[in-house]
Number of protein chains: 2
Amino acid sequence: MTERQIEQVRRFNRIVTQHVGALEDSYLRRGRPLGQARLLHEIGPEGIEVRALRDRLKLDSGYVSRLLRALETQGLVEVRSGKGDGRVRKAFLTPKGRSERATYDTLSDELAASFLAPLDPAQRDRLVAAMAEVECLLRAGEVELRFEAADSAAAQSCLERYFGELAQRFELGFDPARSNSASVAEMTPPAGFFIVAWLDGEPVGCGALKLADAITGEIKRMWTSPSARGLGIARKVLRALEDKARETGLARLHLETNRTLSEAQALYRREGYAEVAAFNSEPYAHHWFEKRL
Amino acid sequence: MTERQIEQVRRFNRIVTQHVGALEDSYLRRGRPLGQARLLHEIGPEGIEVRALRDRLKLDSGYVSRLLRALETQGLVEVRSGKGDGRVRKAFLTPKGRSERATYDTLSDELAASFLAPLDPAQRDRLVAAMAEVECLLRAGEVELRFEAADSAAAQSCLERYFGELAQRFELGFDPARSNSASVAEMTPPAGFFIVAWLDGEPVGCGALKLADAITGEIKRMWTSPSARGLGIARKVLRALEDKARETGLARLHLETNRTLSEAQALYRREGYAEVAAFNSEPYAHHWFEKRL
DNA sequence: CCAATTCTCTGACTAAAGTCAGAGAATGAC
DNA sequence: GTCATTCTCTGACTTTAGTCAGAGAATTGG
């Protein structure tokens, strides 16, 4: 990365914190100490466990307790023991607290509007588009890949969602049992690998590498959660699997895909996979690809 | 502005403050109280007058004084009376303070780099471009227009810089005396108007409207500071002058321009000015424009 | 030269933010 | 059933952040 880029990022940081930060502070605290205001926002309409609150805001337990007491005496919050574990207490908004939060919401809208107000419509569109792009790329930067056991909770949750989606998208539905196998055993080292993409502590994508023979690997189970599309997760996963394949000494990778998955095909072509004749009889496949490593 | 836009701005605010804000705090304070850290950054390599410091950070005079004392006892800062006015004191960084600031600089670079690091080169370019766009548009939103007396300090500073630039750009140089007049009197209500664009308390652009006859106005002295180009300032100034012209009951606007000022011509065309035959003998003009209001 | 003003500093505050060491109840492991 | 652990809370702090009133020097306007 170049000096120019770093310079731009720094300038951006400065300007944006000035704008957002300065305004947020004066605007959104509504005369309340920052600590209390933060708590109030963090307690959603569903309530939140006190320990979760502590965790999220990274505050001392005594401090949180005191802040909650303050909000309670203002009649904004109610803390009561939830059902289940009697030690854990949960904070809820009272009606008054809810309306306070609603006011905050309105102000937050106003703050956002104040960014747009001085601009003309064309500039507004540009600003919004650029903000979406920044947001998307910052989030993309937060994605973390980790190889996981194929039978881990995260892996299984990905696979379930993946199969569910295939069932919806394929003309004929999808039944994993009819498809060529990629069993847990086949995706467990050293027979294969399963990788999970994480974002904000949630699994949002996956992919698997299955060693077919001494020189051939198969890419399987490539999936990205709809909530995390457009962040380049699939590409990252694919590249990570390719690295792993190279490391393992493989010379080529195979994969097949269904014609309804056009984004996937575009990705494979972009990443250097060439369409080849069918190398297996996967019933759900319409295209077969190969890449030499 | 639409709900979708506001939603996007809010999401952007949230994400960015999380990223920048959270990191900046823990990263850049280096164990120092925020107030001290802010002061340390604001005292540049040249030193800074204490009152300027107060102004910039909007802090109480007693508070600043105390913070400076704290930095002094840490050996980071030295406060001494400057030459000239004996009341005004100026804060300077000691060598130790300078190195402390250098460390901060490095960390700030690292922070910026941490945004870029997880991305691939194409994504980095996209992020940097989007950040530049956001920065530019946020700054554009901060521009303020004010009608000012044509002989005010701001107006004169703009005009001086404007003439200086013309002298550089025109093949034949530029001598205001040879050019068609737009004297202070002619730009003073009700004979005419002078408008100044402000950004961060600095004049960064100007424009004038001179009433030629009962139905005709002339646009003159359109200029934007090089430091503020690309923010749409000229367009804003032009539109404000047009509004003023309409208000005054004018039916058409005239303006002329030199062939070297191609951006200006593009602007005039975009804003609905049509090129017409020369309506005066301005020696520096190559193109004459008219717009019906 | 005098009076008003400007600039910085100190003393004396208050409020918020945050830390630390337990106490007391509930739970989990064995 | 006992003991260690978990979770929340209170009391007793410290440090930051920020305000206010005024003192004392230097400067400016007339």
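Parameters at a glance
Residues numbered from 1 in each chain as written. Chains lettered and ligands numbered in written order. Predicted model: local features only at pLDDT ≥ 70, side-chain atom pairs only at ≥ 80, totals over all residues. Heavy atoms only, no water. Least-squares fit on C-alpha atoms with pLDDT ≥ 70 in both. Contact = heavy atoms within 4.5 Å. Near = heavy atom within 4 Å. Polar contact = N/O pair within 3.5 Å; in protein donor to acceptor, adjacent residues only side chain to side chain. Helix = DSSP H or I, 4+ residues; strand = E, 2+ residues; numbered from the N terminus. Nonpolar A, V, L, I, M, F, W, Y, C, P; charged D, E, K, R; others polar. Pairing = 2+ DSSP bridges. Axes fitted to C-alpha atoms, helices over the stretch in contact; angles between N-to-C directions. Expected span 1.5 Å × (residues − 1). Buried < 20%, exposed > 50% of the residue type's maximum accessible area, 1.4 Å probe, protein only. Arc of directions from axis to C-beta. Domains from an automatic or database assignment.

**A word on the relation of the copies chain B and chain A**
Okay, step 1: Superposing chain B onto chain A takes a rotation of 179 degrees combined with a translation of 0.1 Å along the rotation axis, leaving an RMSD of 0.6 Å. Expressed as a symmetry operation, the mapping of one chain copy onto the other fits a two-fold axis. Across chain B, the smallest distance between a C-alpha and the rotation axis is recorded for Ala130(B), namely 2.4 Å.
Okay, step 2: Most of the interface of chain B is mirrored in chain A: 98% of its interface residues are interface residues there too.

**Quick look at the protein's contact with DNA strand D**
Okay, step 1: Contacts to DNA strand D come from 22 residues, most closely from Arg51(A), Arg54(A), Arg66(A), Arg89(A) and Gly86(B).
Okay, step 2: For DNA strand D, the fraction of atoms within 4 Å of the protein that belong to sugar or phosphate moieties is 64%.
Okay, step 3: At a separation of 3.4 Å, a sugar or linking oxygen of DNA strand D approaches a polar side-chain atom of Arg87(B).
Okay, step 4: Among the secondary structure elements, those contributing two or more residues to the surface near DNA strand D are helix 3 (50-57) and helix 4 (61-73) of chain A together with helix 2 (34-42) and helix 4 (61-73) of chain B.
Okay, step 5: Looking at the surface near DNA strand D residue by residue, the class counts come to six nonpolar, six polar and 10 charged.

**Examining the protein's contact with DNA strand C**
Okay, step 1: With respect to spatial proximity, 22 residues lie near DNA strand C, and among them Tyr63(A), Gly86(A), Arg51(B), Arg54(B) and Arg89(B) are the closest.
Okay, step 2: Taken together, the sugar and phosphate atoms account for 64% of what DNA strand C places within 4 Å of the protein.
Okay, step 3: Between DNA strand C and Arg69(B) there is a distance of 3.3 Å, counted from a phosphate oxygen to a side-chain nitrogen or oxygen.
Okay, step 4: Of all elements in the fold, only helix 2 (34-42) and helix 4 of chain A together with helix 3 (50-57) and helix 4 of chain B reach the threshold of two or more residues within the surface near DNA strand C.
Okay, step 5: No other element matches helix 4 of chain B, which puts five residues into the surface near DNA strand C.

**Things to note about the sheet that holds strand 6 (residues 202-211) of chain A**
In a beta sheet, neighbouring strands pair by backbone hydrogen bonds and run either parallel or antiparallel.
Residue and element names in this part refer to chain A.
Okay, step 1: Strand order in the open sheet formed by seven strands is 4-5-6-7-8-10-9, and the pairing between neighbours is mixed. Only two strands of the sheet have a single partner each, and these edge strands are strand 4 (144-147) and strand 9 (274-276). Sheet twist, expressed as the mean angle between neighbouring strand axes with direction ignored, is 30 degrees.
Okay, step 2: Looking at chain direction, strand 7 (residues 216-224) and strand 8 (residues 252-257) are connected through three bridges and run parallel. Looking at strand 8, one finds that Glu218 is bridged to His254.

**Looking at helix 7 (residues 153-169) of chain A**
All names here are of chain A.
Okay, step 1: With 17 residues, helix 7 should cover 24 Å at 1.5 Å per step; its first-to-last C-alpha distance of 24 Å lies within 8% of that length.
Okay, step 2: Every buried residue of helix 7 is accounted for by Ala154, Ala155, Cys158, Leu159, Tyr162, Phe163, Glu165 and Leu166. Down the axis of helix 7, the smallest arc covering the buried residues is 165 degrees, so these residues share one side. Residues of helix 7 that are exposed and point more than 90 degrees away from the buried face comprise Ala153, Glu160 and Gln168.

**Quick notes on the domain arrangement of chain A**
Okay, step 1: By domain assignment, chain A separates into domain 1 (3-118) and domain 2 (144-292).
Okay, step 2: Between the C-alpha centres of domain 1 of chain A and domain 2 of chain A there is a distance of 40 Å.

**A look at the environment of Thr103(A)**
All names here are of chain A.
Okay, step 1: Its location among the elements puts Thr103 in helix 5 (residues 95-116).
Okay, step 2: Judged by relative accessible area, Thr103 falls into the partly exposed class, the value being 28%.
Okay, step 3: Put simply, Thr103 and Leu28 are 75 residues apart on the chain and 9.2 Å apart in space, counted from C-alpha to C-alpha.
Okay, step 4: At 2.8 Å, the side chain of Thr103 forms a polar contact with the backbone oxygen of Ser99.

**With respect to the pairing of strand 6 (residues 202-211) of chain B**
All names here are of chain B.
Okay, step 1: Across the 10 residues that make up strand 6, a large majority, eight, are buried.
Okay, step 2: In this structure, strand 5 (residues 192-199) lies alongside strand 6, joined through eight bridges in antiparallel fashion. Across the sheet, the residue bridging to Phe193 is Leu209, located in strand 6.
Okay, step 3: Examined bridge by bridge, strand 6 and strand 7 (residues 216-224) share six bridges and lie antiparallel to one another.

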